[in-house]
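Below, each chain spelled out in residue letters.
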Amino acid sequence: MLQQQLVNHLPYLMALDKSKDIESIGYYLSEHLKVAGGYWTINAIACLNKIDQISEEKKQQLSKWLKECQNQDGGFGGNTNHDSHITNTHYAILLSFLLGCELDYEAAAKYVAARQRKDGSFEGDQWGEVDARFSYCGLSSLTLLNKRDLIDVKKAASYIKKCRNFDGSFGGIPDAESHGAYVFCCVGTLYLCEDLSFNIDELAMWIHERQTSKGGLNGRPEKLADVCYSWWMYSALCLLKREQWINQQALENYILECQDNDGGIADRPNNQPDVFHTFFGLAALSLLNGQQYQLNPIDPAFALPKSILINIPGASRFIQA
């Protein structure tokens, strides 16, 4: 039976800080995801308009830890004593704005800018892996830091367009299979590059075809629906002004059905909830019907509350009304 109301997710999110069983293998398997996990958790709480439930002492503790995750090269690892990566650097920048703390943004901007290659693509770290996700991390980070002048924005857009496929959607690199998560990364990058000069309707139709009979969206043809794609692809439709190309009510109902009665949102109904799907489920609901659920509006390009973005000079002009 569909749950037509939002479960109280705050206790679930606040309890995540207490789940530190260092004797558990799960603790070590997720050690490299602590910065990302911090972003998902704090942003989910912000989405619920409950950021004031986090004490100043806790914010200071998190801010101190986050600063310790920055390495000498200016980038951030996923935790202290982890190598720098552009995705973790992006997460750290986002988390710093949520916490209201100052990082060494100059060093971080230089690290991110140094990841751009001659063809406009971005590598994740010093080892050279290229992926459209990293392009988005680069553009989002430098836009938030008002440091876009450090990179070639036109080349960044040109590379992303090479990742577009015959079906109208995007893959992670040129000639790679189209995938729902890359829709967000590529559309988000092009939006921030201020270059949406591709066939938008072809992509919107591809997204339309990702909606399953259960209302949720899948990431590729013949796959099961997953709550995270509610964000990855519906946010792209918002940026492209094609929200009506899917059944919005059915998608909203699917997200609600994936809630756990004790809090948290899972990838699919009756599965175990986790913080990743909880945040992206709430963020998607904020775009779909945020006023109904009293959610803080999340911006579809930056995945941050608009209330924070309006005070960030580099990002404020990209906020959708």
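Here the structure is a predicted model, which means the values were calculated and not measured.

### With respect to the overall build of the chain
Then comes step 1: For the chain, the count of helices and strands is 14 helices and 0 strands.
Then comes step 2: In terms of overall dimensions, the chain is globule-like: its C-alpha atoms have a radius of gyration of 19 Å, near the 20 Å expected for 321 residues.
Then comes step 3: The dimensions of the chain, computed from C-alpha atoms along their principal axes, are 50 × 50 × 40 Å.
Then comes step 4: Look at the contacts in the chain between residues 6 or more apart in sequence, and 64% of them connect residues 24 or more apart.

### Structural notes on helix α10 (residues 200-208)
Then comes step 1: Listed in full, the buried residues belonging to α10 are Ile200, Leu203, Ala204, Trp206 and Ile207. Viewed along the axis of α10, the buried residues span an arc of 155°, placing them on a single side of the element.
Then comes step 2: Tucked inside the fold, the buried residues of α10 contact α9 (180-192) and α11 (228-240).

### Quick word on the environment of Gly180
Then comes step 1: Of note, Gly180 is situated in helix α9.
Then comes step 2: Each C-alpha atom of the pair Gly180 and Trp206 lies 9.4 Å from the other, and the pair is 26 residues apart in sequence.
Then comes step 3: Sequence-distant contacts of Gly180, defined by excluding residues within four places in its chain, comprise Trp206, Gly219, Tyr229, Trp232 and Met233.

### As for the side chain of Gln320
Then comes step 1: Tracing the chain through its elements places Gln320 in the segment after α14 (306-309).
Then comes step 2: Residues within four places of Gln320 in sequence aside, it is in contact with Tyr191, Cys238, Leu239, Lys241, Asp299, Pro300 and Lys306.

### Thoughts on the side chain of Asp125
Then comes step 1: Inspection of the secondary structure assignment puts Asp125 in the loop between α6 (105-113) and α7 (132-144).
Then comes step 2: For the buried Asp125, no salt bridge is present, and the opposite-charge side chain at shortest range is Arg115, 6.5 Å distant.
Then comes step 3: A distance of 2.9 Å separates a polar atom in the side chain of Asp125 from the backbone nitrogen of Trp127.
Then comes step 4: With residues near it in sequence (within four places) discarded, Asp125 still touches Ser84, His85, Tyr111 and Arg115.

### A few points about the packing of aromatic side chains
Then comes step 1: Applying the stated rule across the entire model yields 15 aromatic pairs.
Then comes step 2: Taken together, a centroid distance of 5.3 Å and an interplanar angle of 40° make the contact between Tyr39 and Tyr91 tilted. Highlighted residues: Tyr39 in helix α3 (residues 34-47) and Tyr91 in helix α5 (residues 86-99), separated in sequence by 52 residues. The two residues Tyr39 and Tyr91 agree in class, both being buried.
Then comes step 3: With centroids separated by 4.6 Å and ring planes inclined at 40°, the aromatic side chains of Trp232 and Phe280 adopt a geometry described as tilted. Within this pair, whereas Trp232 is found in helix α11, its partner Phe280 is found in helix α13 (residues 275-289), the two being separated by 48 residues in sequence. Exposure class is identical for Trp232 and Phe280. Each is buried.
Then comes step 4: A connected cluster of aromatic rings, assembled from ring pairs, spans Tyr39, Trp40, Tyr91, Tyr136, Phe184, Trp231, Trp232, Phe276, Phe279 and Phe280.
Then comes step 5: Positioned above the aromatic ring of Tyr111 is the side chain of Arg115, whose terminal nitrogen or guanidinium carbon lies 4.6 Å from the ring centre.
Then comes step 6: When the ring centre of Trp206 is taken as origin, the NZ or CZ atom of Arg210, which lies over that ring, is 4.8 Å away.

### Thoughts on the packing of α11 against α13
Then comes step 1: Here α11 crosses α13 at 35°, and the two axes come no closer than 8 Å. Helix-helix and strand crossings are classified by hand; for α11 and α13 the assignment is left-handed. In this structure, α11 contributes Cys228, Ser230, Trp231, Trp232, Tyr234, Ser235 and Cys238 to the contact, and α13 contributes Phe276, His277, Phe280, Ala283, Ala284, Leu287 and Leu288.
Then comes step 2: Residues belonging to the contact of α11 with α13 are distributed by class as follows: 11 nonpolar, 3 polar and no charged.

### Remarks on the pattern of salt bridges
Then comes step 1: Under the criterion given, the structure shown has 14 salt bridges.
Then comes step 2: For the salt bridge of Lys59 with Glu56, the shortest nitrogen-to-oxygen distance reads 3.6 Å. Of the two residues, Lys59 and Glu56 both sit in helix α4 (residues 56-68), 3 residues apart, roughly one turn of that helix.
Then comes step 3: Judged by relative accessible area, which is 15%, Lys59 ranks as buried.
Then comes step 4: Where Arg317 meets Glu194, a salt bridge forms, and the shortest distance between an N and an O atom there is 3.0 Å. Of the two residues, Arg317 is situated in the segment after α14 and Glu194 in the loop between α9 and α10; the sequence distance between them amounts to 123 residues.
Then comes step 5: Residues participating in the shared-partner salt-bridge network are Arg115, Arg117 and Glu123.

### Considering the environment of Ser213
Then comes step 1: Mapped onto the secondary structure, Ser213 falls in the loop between α10 and α11.
Then comes step 2: Judged by its relative accessible area of 82%, Ser213 is exposed.
Then comes step 3: Sequence separation between Ser213 and Ala250 is 37 residues; the distance between their C-alpha atoms is 8.9 Å.

### Quick notes on unusual backbone geometry
Then comes step 1: Positive phi outside glycine occurs at Gln294, with the angle close to 55°.
Then comes step 2: Note that Gln294 resides in the loop between α13 and α14.
Then comes step 3: Look at Gln294 and you get exposed, because its relative accessible area is 64%.

Conventions we followed
Residues numbered from 1 in each chain as written. Predicted model: local features only at pLDDT ≥ 70, side-chain atom pairs only at ≥ 80, totals over all residues. Heavy atoms only, no water. Helix = DSSP H or I, 4+ residues; strand = E, 2+ residues; numbered from the N terminus. Rg over C-alpha atoms; globule rule 2.2 N^0.38 Å. Contact = heavy atoms within 4.5 Å. Buried < 20%, exposed > 50% of the residue type's maximum accessible area, 1.4 Å probe, protein only. Arc of directions from axis to C-beta. Lys, Arg positive; Asp, Glu negative; His and termini not counted. Salt bridge = Lys/Arg side-chain N within 4 Å of Asp/Glu carboxyl O. Polar contact = N/O pair within 3.5 Å; in protein donor to acceptor, adjacent residues only side chain to side chain. Phe/Tyr/Trp six-rings, centres within 6.5 Å; stacked < 30°, edge-to-face > 60°. Lys NZ or Arg CZ within 6 Å of the ring centre and 35° of its normal. Axes fitted to C-alpha atoms, helices over the stretch in contact; angles between N-to-C directions. Left-handed = near helix turned anticlockwise from the far one by under 90°. Nonpolar A, V, L, I, M, F, W, Y, C, P; charged D, E, K, R; others polar.

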